[in-house]
Amino acid sequence: RPPRADTARATLVGLMDRFVYLTQGLSVILAFIGVKLIPHFLHVDVDASVPEISTPLSLVVIVSVLAITTVASILKARRDPSPRAHAGRLRGDPER
């Protein structure tokens, strides 16, 4: 790899380590999508009078959750730069 690519990769990895709340945010988004599927199923397969969650509202929820977790992670990193994000874990274990 060229040195520039290694520098970019290291920067990206360092940046991703700072998003300590990303896992929780993605969990909230997946839960929202799962809950959204229930009224959709009821609307399509059971009774058309059951209201659905609109696509624009879904996008607002998803973008809001991502924005909140990103801002919260940045603020956390400014106050205490030692925590690192751990992929696949809700709580980081600094000793692993």
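Reading guide: rules and limits
- Residues numbered from 1 in each chain as written.
- Predicted model: local features only at pLDDT ≥ 70, side-chain atom pairs only at ≥ 80, totals over all residues.
- Heavy atoms only, no water.
- Helix = DSSP H or I, 4+ residues; strand = E, 2+ residues; numbered from the N terminus.
- Buried < 20%, exposed > 50% of the residue type's maximum accessible area, 1.4 Å probe, protein only.
- Polar contact = N/O pair within 3.5 Å; in protein donor to acceptor, adjacent residues only side chain to side chain.
- Contact = heavy atoms within 4.5 Å.
- Patch = residues over 30% accessible without salt bridge, like charges linked within 9 Å, V, L, I, M, F, W, Y side chains within 5 Å.
- Areas by Shrake-Rupley, 256 points an atom, 1.4 Å probe, with all protein chains shown as cover.
- Salt bridge = Lys/Arg side-chain N within 4 Å of Asp/Glu carboxyl O.

Draft legend 1. The environment of Ser64, seen in detail. Take Ser64: it is sitting in helix H3 (residues 55-79). The class of Ser64 is partly exposed, set by a relative accessible area of 32%.

Draft legend 2. Structural context of the side chain of Thr69. Within the secondary structure, Thr69 sits in helix H3. We classify Thr69 as buried; its relative accessible area is 10%. Within polar-contact distance, the side chain of Thr69 engages the backbone oxygen of Leu66 at 3.1 Å. In this view, Thr69 contacts Tyr21 and Gly25; residues no more than four positions away in its chain are not counted.

Draft legend 3. Quick look at a nonpolar patch on the surface. Together, Ile38, Phe41, Leu42 and Val46 make up a nonpolar patch on the protein surface, roughly 370 Å² of accessible area in all. Structurally, Phe41 is set in helix H2 (residues 22-46). We classify Phe41 as partly exposed; its relative accessible area is 44%.

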